[in-house]
Amino acid sequence: MPGSAHSYYFINFPVIPREIDGIKIVMGAELNIIDYSGSTDLPAQILKRMDYAIASLHNPCIEPGSVAENTAALIGVMRNPHVVIIGHPDNPSYPIDFDAVANAAADNHVLLEVNNSSYKSGGYRAGSRDNAKSMLAACKKYGVEVIMGSDAHFCSDVGNHALAEGILRENDFPSDLVINYSVEKFFARVKYRKSLAPI
């Protein structure tokens, strides 16, 4: 993101302990998708040092395209083996073909995010709640696992999934397709995706 951390920030991750006060530390980054083929703004040599990455479409980094272009961007980034999660795919600023994205997520074993921050009243992704219905219906159809993300932009909101859980309940989404309920399943997914990366 313009004005954010330099790549050196991520190169310094190895100095961080893997456990602090009994809490396991996982290293990652939210990547910006920068074109409609799914390229991102951190190179593979940095990504391979991390445990996983989230990839998202953000207005400062890529102009919203057509449904076909936005869909191609999300499907394209799923080919990056460091990407485990697609961030806020129900963002109305970037309309997508939910069936095509869910089908590709199933094929690539990539998680789609149910983003708590997107559902806040007066938030900057108004309309995400309605799009979530279509996204979750497609996820059910293709058996795609989702992950709840707080998308906290302030420390007190970290781990807050109240609105995301409400969306899942409203849409009668199966709990066995919500990866947050199993630490083991999440780490197995991360390991599988990383295994696809060239050495």
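The structure presented is a predicted model; accordingly, all values stated were derived computationally and were not measured.

Undergrad: Just give me the short version of the pattern of salt bridges, but keep the residues and values in it.
TA: Taken as a whole, this structure holds seven salt bridges when the rule is applied. Across the salt bridge formed by Asp51 and Arg18, the nearest N and O atoms sit 2.7 Å from each other. Remark: Arg18 occurs in the loop between helix H1 (7-11) and strand E1 (19-20) and Asp51 occurs in the loop between helix H2 (44-47) and strand E4 (52-56); sequence separation between them is 33 residues. Taking the relative accessible area as the measure of exposure, Asp51 reaches 18% and is therefore buried. Lys120 is the salt-bridge partner of Asp157, the closest N and O atoms lying 2.7 Å from each other. Of this pair, Asp157 sits in the loop between strand E7 (146-149) and helix H6 (162-170) while Lys120 sits in the loop between strand E6 (111-115) and helix H5 (128-142), placing them 37 residues apart in sequence.

Undergrad: Account for empty space enclosed by the protein, naming residues and giving values.
TA: Within this structure, the stated rule accounts for one cavity of 30 Å³ or more. Counted as a void, the largest cavity has a volume near 60 Å³. Lining the largest cavity, in full, are Leu57, Leu74, Gly87, His88, Pro89, Asn91, Tyr94 and Ile96. Considering only residue class, the lining of the largest cavity consists of five nonpolar, three polar and no charged.

Undergrad: I'd like a description of the environment of Ser7, backed by residues and values.
TA: With respect to the helices, strands and loops of the structure, Ser7 is situated in helix H1. Apart from residues lying up to four places away in sequence, Ser7 is in contact with Leu42 and Ile46. A polar side-chain atom of Ser7 sits 3.4 Å from a polar atom in the side chain of His6.

Undergrad: Help me get a handle on the packing of helix H4 (residues 98-108) against H5, residues and values and all.
TA: The interhelical angle for the contact between H4 and H5, taken along N-to-C directions, is 45°, at an axis separation of 9 Å. When the axes of H4 and H5 are compared, the pair comes out oblique. You can see that H4 and H5 cross each other, and the crossing is right-handed. Each of Phe98, Asp99, Ala102, Asn103 and Ala106 in H4 lies in contact with H5, whose residues at this interface are Asn131, Ser134, Met135, Ala138, Cys139, Lys141 and Tyr142. Of the residues contributing to the contact of H4 with H5, the split by class is seven nonpolar, three polar and two charged.

The rules behind each value
Residues numbered from 1 in each chain as written. Predicted model: local features only at pLDDT ≥ 70, side-chain atom pairs only at ≥ 80, totals over all residues. Heavy atoms only, no water. Salt bridge = Lys/Arg side-chain N within 4 Å of Asp/Glu carboxyl O. Helix = DSSP H or I, 4+ residues; strand = E, 2+ residues; numbered from the N terminus. Buried < 20%, exposed > 50% of the residue type's maximum accessible area, 1.4 Å probe, protein only. 1 Å grid on protein atoms, 1.4 Å probe; cavity = no way out; pocket = protein on both sides within 12 Å on 5 of 7 lines; lining within 4 Å. Points joined across faces, edges and corners; volume = space filled by probe spheres on them. Nonpolar A, V, L, I, M, F, W, Y, C, P; charged D, E, K, R; others polar. Contact = heavy atoms within 4.5 Å. Polar contact = N/O pair within 3.5 Å; in protein donor to acceptor, adjacent residues only side chain to side chain. Axes fitted to C-alpha atoms, helices over the stretch in contact; angles between N-to-C directions. Parallel < 35°, antiparallel > 145°, perpendicular 65-115°, else oblique. Left-handed = near helix turned anticlockwise from the far one by under 90°.

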